[in-house]
Amino acid sequence: METFADHYSSMMATIREQMPGADMALIQKAVEYADAKHQHQKRKDGSPYIIHPLAVAEIVTEMGLDQDSVLGALLHDCIEDTDASHDDIEKIFGQTVAELVEGVTKLTKANFSTTEQAQMENLRKMFMAMSKDIRVVLIKIADRLHNMRTMQYQSPAKQVIKCRETMDIYAPLAHRLGMQRIKWELEDTSLRYLYPTEYQQITEHLRSHRAEDEAFMLAIQDKIDQRLSAVGIENKTYGRIKHVYSIYRKMQAQSKSIDELYDIYAFRVVVDTIPDCYNVLGHMHDLFNLVPGRFKDYISTPKPNMYQSLHTTVIGSQGIPFEVQIRTWDMHETAEYGIAAHWKYKQGTGDGQEKDFEWVRRLLESQQDTDAEDYVRSLKIDMFDDEVFVFTPKGRIVSLPAGSTPIDFAYAIHSGVGNAMVGAKVNNRIANIDMTLKNGDIVEVLTSKSAKGPSRDWLNICKSNQARTKIKQWFKKERREENVTHGRASFEAEMRRAGLPLALTIDPEVSPILLRKLSFGDWEDMYAAIGYGGLTAVKAVGRIRDDLNKIMKGQSLEQGQQSPLRISPDNPNLKNNRHAVNGIVVEDIDSCMVKFAKCCTPVPGDSVVGFITKGFGVSVHRCDCPNAANRDHPVHAARWVRCHWAQQEDQPFDTILELEFTTRDCLYMDVGTVFASSRIRVKELSGKDIPGGRSLFTARFEVRNVAELEAIRNKLMSIPDIVSIRRGQN
Ligand code: MN
C-alpha cells in the first residue's frame, strides 16, 4: 500500500527543485486542508485518499505549471467530494485557486464517457470550452494520468469505461496541447486494459528482444556520436523503442505481426541550433541509406501543436530501418511538455497553423517580454469563442454559433421542431426563446400542434444561417397569400417608380413575354417570390424594363389606333418622362440641370438617386455610391431627391470598372482584346502593379445600360488570373 509519507516527500522535493520561489508554507497549508477534508475517504486500494491529490500536484509540477496550479491540484477533489465550498477555498487560497478547483470540478461532473464516437470532436472542444483557464484542462489531464497509473484497483467494467474515455478525450487533448510524453503514457495504459492480449504480446516481444534491441541501438548511437564529434557538432543522441500503442497501431495498419514489423526504433539527436539540425540531417543521409519519401521538415513547417523537428528514416548496415528525429533543445522541451513548457520557456516556436492553436501562437508572440505571472493570467482564454455547445435532454451535443438562442437550437434539431415551437426550457427552467445559450446548457424545446409557426421577428433573433433559412422556407410555403399581397405591392410600387405602365402586365399579348423574361409561370408566383425575399422588386422590374420600353415605343407609332395597349400621354406613370434630361427623370422637379456623378458613373438600369448641388443642378449617383450613403441623415435628406431612368434612346454612358489580377505578362493585351471584341469603346485603360503580387487595371468606357455592363463584366471575368472586378470610383 502506498503511504502518505512517500508521496508527500516526493512531491515536496519535486516542487523545491522545479519551483524554487514557491511559497512552501501555503502549499503545506493546502496539503493539510485537503488531508483534513478527505480524511474519511480511501482510494480503491485502501490507501488514504490524500495520496491522489499529492500525486496529481506532483505531476502538475513536473509539467512545469505554476504555484496556483499546484494548489489547485492539491484541492481539486475538495468541492466535488467533501463539504468544502468555493468560498472556503477562495478565502484561504485566493480567487484564482478557487476558480481552478471549480473548473476541474465542472469537468469531473460532466459525463464524457457515454457518447457516440461521432461526437468526440465536439466533446473535446466542449471540454476545452468549459474551462476558460487552460490550467484547468492541464490539472484534469494530470488527474486522469494518476488515475490511469492506479487503474489496476478498479473493476474490469470501470477499467474499460475509463480507458475508452482516456483514448477518446484525454490522449487526443494531450496531443493537441503538444504533451507527447503524457499522451504516450495515456495511450499505452489504455491499450493495456482495452486490448490486454495484444498489449501483452507486444510488451513480451519487446522484453524478450531487449538485449539485441539495446545492442542495435548502442551500435547506431556510437556511429552517430563518432561522426558528429568528428565534425564538432555538440549533441545528445539516444535511441528508443517506439511506444507500445504506436507499435500496435502500425501492426493494425500494416496487418503485420510484431516480428514482421521493423520500423520500431527511433533515434533522437538534440543539438543547440537550427543550422546544426540541418547539418546533422546531412550527416545522417551520408552515414546511412535514406528511405525515400520519409523525410519531413517540421522545423520550417511546425505541426499544429507547435511540434518542431526534422524526421527522416534511414537503413543501417544491418538492413534495419529506423527513424531519426533531429531538433534543438527548445524544440525538445516543446515536444515533451507541449503548452506547459511555455510556462518555463517562453520563447516563441514558429507558427502554429491550425486554428485551434492560433490563440497559443498569438499569446506566445505577445507574451515574450511579460513576466510569468502575467503570462499565466493571460492564458485565461475563450478557446472556441465562436461556438457554443449545448445538450439535448437526452445528452446529445449540439454545436451552435456563439450567441445562439433556443430558436437556433430548435431548428438545429429539426425544422418541424422549430416550426412547432411555443417555448423552451433551459436547464429545466422556462426560458425566453431569445436568451443566449451558454456552454453546457441543457435545452428542451416546447412544441404544440396548434403552434402558429415562426414569427417574422425570429429572423432577427436567431444567430445561425440554418435557422434563418428554415424560417424563410416556412414563410415561403405557409404564407403564400401574405407573400403574394406583399410582393404585388412592392412590384407595383417599383413599376410606378420606374415610370412603367402596370396595365401592360395584364395585357394578354404582352404578359407571356414578360413572364418568360422573369422566368415565372404566372404573376402570382412572381409576387410570392418577391414577398418571401427570393427576388427583389427592383430586379424584377429591371428584367422587363427594356421589353416594356420597346413595346411602348412601338405603340406610340401606331397613331390614332384605339387599343387598350395605347399609352395615353396623360398617364400619370409616364408623365415625368416628358421632363427627362440626359435620360434621367428627377421626381417632383420639372426641368433642371442633370449631370452624372463622376465618382460612381451610373448607367441606365442602376438604381440612382439625385443630389441637389449648389448651382449645378442635380447630380445623379448610384444608390450604392459611398457619397450617397448619408442621404437618410436628417441634415442631408432635404437635398436628396428620388430620380429614375427615363425611356432611353441608345445614348452611351461613361462608366468605370476596376479589375484586379494576379500579376502576369500580357494583361493589357487580354483586357484590351475583350473590350475590342465586344465592340465597346474604351476611353481610358491604365494598369499598375500593387502589393501582394497583384495588378490593378482601371478601364473607363461607354455602355448603354446595366445589361451591357453586366455582359462585359462577365467576359472580363473569364480572363485567366482575374481576382475581382469592382465598379470604379473616380
Ligand atoms: Mn481526482
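See above for the structure.
Residues numbered from 1 in each chain as written. Predicted model: local features only at pLDDT ≥ 70, side-chain atom pairs only at ≥ 80, totals over all residues. Heavy atoms only, no water.

Asker: Sorry, what's going on with the coordination of the manganese ion here?
Answerer: Six octahedral donors around a metal ideally make angles of 90 or 180 degrees; four tetrahedral donors ideally make 109.5 degrees. Those donors, His52 (NE2), His76 (NE2), Asp77 (OD) and Asp143 (OD), are the protein atoms that reach the manganese ion, and they lie 2.2 to 2.4 Å from it. Counting gaps between the donor residues of the manganese ion yields the pattern H-x23-H-D-x65-D. In this pair, His52 sits in helix H3 (residues 51–63) while Asp143 sits in helix H9 (residues 134–149), placing the two residues 91 residues apart along the sequence. With respect to burial, His52 and Asp143 carry one shared label: buried. (Donors = N, O, S within 2.8 Å, 3.2 Å for Na, K, Ca; no water. Helix = DSSP H or I, 4+ residues; strand = E, 2+ residues; numbered from the N terminus. Buried < 20%, exposed > 50% of the residue type's maximum accessible area, 1.4 Å probe, protein only.)

Asker: Would you explain the pattern of salt bridges in this entry?
Answerer: Any two side chains of opposite charge can pair if their charged atoms end up close together. Enumeration according to the criterion identifies 31 salt bridges in this entry. Residue Glu323 pairs with Lys242 through a salt bridge whose shortest N-O separation is 3.9 Å. You can see Glu323 sitting in strand E6 (residues 321–328) and its partner Lys242 sitting in the loop between strand E1 (235–241) and helix H14 (244–254), a full 81 residues away along the chain. The pair formed by Glu323 and Lys242 is uniform in burial state, with each residue classed as buried. (Salt bridge = Lys/Arg side-chain N within 4 Å of Asp/Glu carboxyl O.)

Asker: Before we go on, may I ask you to explain unusual backbone geometry in this structure?
Answerer: Leave glycine aside and you will find that most residues have negative phi; peptide bonds, for their part, are mostly trans. Backbone geometry places Ser519, a non-glycine residue, at a positive phi of 60°. By the secondary structure assignment, Ser519 is in the loop between helix H25 (510–518) and helix H26 (523–532). Relative accessible area serves as the criterion here: at 61%, Ser519 is assigned to the exposed category. One non-glycine residue with positive phi stands out, namely Asp721, at about 75°. Along the chain, Asp721 turns up in the loop between helix H31 (706–717) and strand E20 (722–727). Residue classification places Asp721 among the partly exposed positions, given a relative accessible area of 38%.

Scope: geometric values only; no functional claims are made or implied.
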